[in-house]
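Overview (structure and organization)
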Amino acid sequence: MTASAHGAHLAQLNIATLRHPLDDPRLAPFVELLDPVNSAAEGSPGFVWRLVEEGTADATGLRPAGEDVIVNLSVWESPESLWDFAYRSGHLDAMRRRREWFERHVEAHLVLWWVPAGHLPTVDEALERLADLRAHGPNPRAFTFASSYTAAEAAEHHRAVAAQPAPSE
Amino acid sequence: MEHIDAIAALQDPVRRRLYEYVVAQGREVGRNEAAEAAGVTRTLAAHHLDRLTEAGLLESGSRRLTGRSGPGAGRPAKVYTRARAEWAVSLPGRDYRTAAELLAETAEQAGLDAELCAAARRRGEALRGAAAPCGGLDEAMETLAARGYEPHLEEAEDGADGVVRMRNCPFHAVAERFPPLVCGMNLALLEGLLGADGAVRARMDARPGECCVVVEASKNNID
């Protein structure tokens, strides 16, 4: 509620590199979980939006980060609502089996950031946030559950950046 | 409050009964109810409940127990729940939590989920020893209680067999930092502890505020 009161929502991107193609029998248990887990997400308290490829039920067909990399992009009312869905619902049982289906990532594969309520992040925007996290570590623009920032801290950061002369980067 | 002072607050038997009662309910408990459960007067219960709150073992709030609000609903009553903080004392000073977090962080980065789960399953089996797989939900509750899971039976709505849920995660602090890794480890440990082909089975069914696992009668054992 506090996050929504500030007019901010939490966006999250996670990427996963498939160990086998999605139509491989070894990925069948994961594919079977897609619809029920996505439905559970939509029914979770605090769910706002998730990315879906036009004409399909999910975003597994979109491969903006590489041919064998699936993306999961969604928006939630608060970090708590996302946390409870990700780790305190049926989704956790799928997460438990992640090594059967996905390659281990050396770099960060999940990024969180604040968006104005009503804003739906694009895939490009999400990948920029992941690149920011990988390049600079957790910061108010791009962070993780373990090192998180509040919407107020992010807003303060953006005000401070806006007040400075444009950097050359 | 030093950890040892918080724990010492439980040395008084009445205080300890009150604490254990409040914890076992898994919800806010009023003074009258706690006094009745502990077999003491309301005044004495109030005194000890407030001492437990000062010690950081309970949290207190106020609520109208009638469920009504507005004028005429009555004065709010003081209610108690278990504090979220955890307390530990080690003599001499040891720090297994930092060790656990560093090991979990390393296992997470190396992607060692399968290896950790295999070790946890072996440990569960070793804890069970020569005993047969768990024979039923009552026995499962005893086994889980002995390991600190605080099990309670959740009745099914349609009269079917209930499931055992657990109020406490013994690995809470590490599980919060590395949920899939540590919750997967917890499930494997319980699978080993209860036995794979017995009358009960453990499966993951995570909910906010509880252990990630439930224990239920095995489907293939119902005749």
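Procedures and definitions
Residues numbered from 1 in each chain as written. Chains lettered and ligands numbered in written order. Predicted model: local features only at pLDDT ≥ 70, side-chain atom pairs only at ≥ 80, totals over all residues. Heavy atoms only, no water. Domains from an automatic or database assignment. Pairing = 2+ DSSP bridges. Helix = DSSP H or I, 4+ residues; strand = E, 2+ residues; numbered from the N terminus. Axes fitted to C-alpha atoms, helices over the stretch in contact; angles between N-to-C directions. Contact = heavy atoms within 4.5 Å. Core = buried A, V, L, I, M, F, W, Y, C linked by side-chain atoms within 4.5 Å. Buried < 20%, exposed > 50% of the residue type's maximum accessible area, 1.4 Å probe, protein only. Salt bridge = Lys/Arg side-chain N within 4 Å of Asp/Glu carboxyl O.

If you look chain B up in an unreviewed UniProt entry, it shows as Transcriptional regulator from Streptomyces solicathayae.

As annotated in an unreviewed UniProt entry, chain A is DUF3291 domain-containing protein from Streptomyces solicathayae.

Domain annotation for chain B reports domain 1 (2-82) and domain 2 (112-222). Placing the centre of domain 1 of chain B and that of domain 2 of chain B at their C-alpha centroids yields a distance of 30 Å.

What follows is about the sheet that holds strand E3 (residues 69-76) of chain A. Residues and elements named next belong to chain A. Taken together, the four strands give an open sheet; going across it, the order is E2-E3-E1-E4, and neighbouring strands pair in antiparallel fashion. Whereas interior strands pair on both sides, the edge strands pair on one side only; in this sheet they are strand E2 (47-50) and strand E4 (110-116). For this sheet the average axis-to-axis angle between neighbouring strands, irrespective of direction, equals 25 degrees. The pairing of E2 with E3 spans three bridges and is classified as antiparallel. Residue Trp 49 lies in a different strand from E3, and its bridge partner there is Val 75. Where helix H2 (residues 28-42) meets the sheet, it contacts E2 and E3, and its direction lies at approximately 140 degrees from that of E2.

Looking now at the nonpolar core. Residues and elements named next belong to chain B. Counting residues in each nonpolar core, the largest one holds 38 residues, and the members touching the most others are Met 166, Leu 190, Cys 212, Val 213 and Val 215. Broken down by element, this core gets its largest block of residues, 10 residues, from helix H9 (residues 179-194). In contact with Val 215, not counting residues within four places along its chain, are Leu 137, Ala 140, Leu 144, Val 163, Val 164, Met 166, Leu 194, Val 200, Arg 201 and Ala 202. Core analysis: the second largest hydrophobic core is formed by 20 residues, Leu 18, Tyr 19, Val 23 and Tyr 80 among them.

What follows deals with the pattern of salt bridges. Counted according to the given criterion, the structure contains 28 salt bridges over all chains. In this structure, the salt-bridge partner of A:Glu100 is A:Arg97, at a minimum N-O distance of 3.0 Å. Note on A:Glu100: relative accessible area 40%, which makes it partly exposed. Across the pair B:Arg82 and B:Glu150 runs a salt bridge, and its minimum N-O distance is 2.6 Å. Remark: B:Glu150 occurs in the loop between helix H7 (137-146) and strand E4 (151-154) and B:Arg82 occurs in strand E3 (residues 77-82); sequence separation between them is 68 residues. Looking at B:Arg82, the relative accessible area reads 28%, which means it is partly exposed. The network of salt bridges with common partners includes B:Glu154, B:Arg165, B:Asp205, B:Arg207 and B:Glu210.

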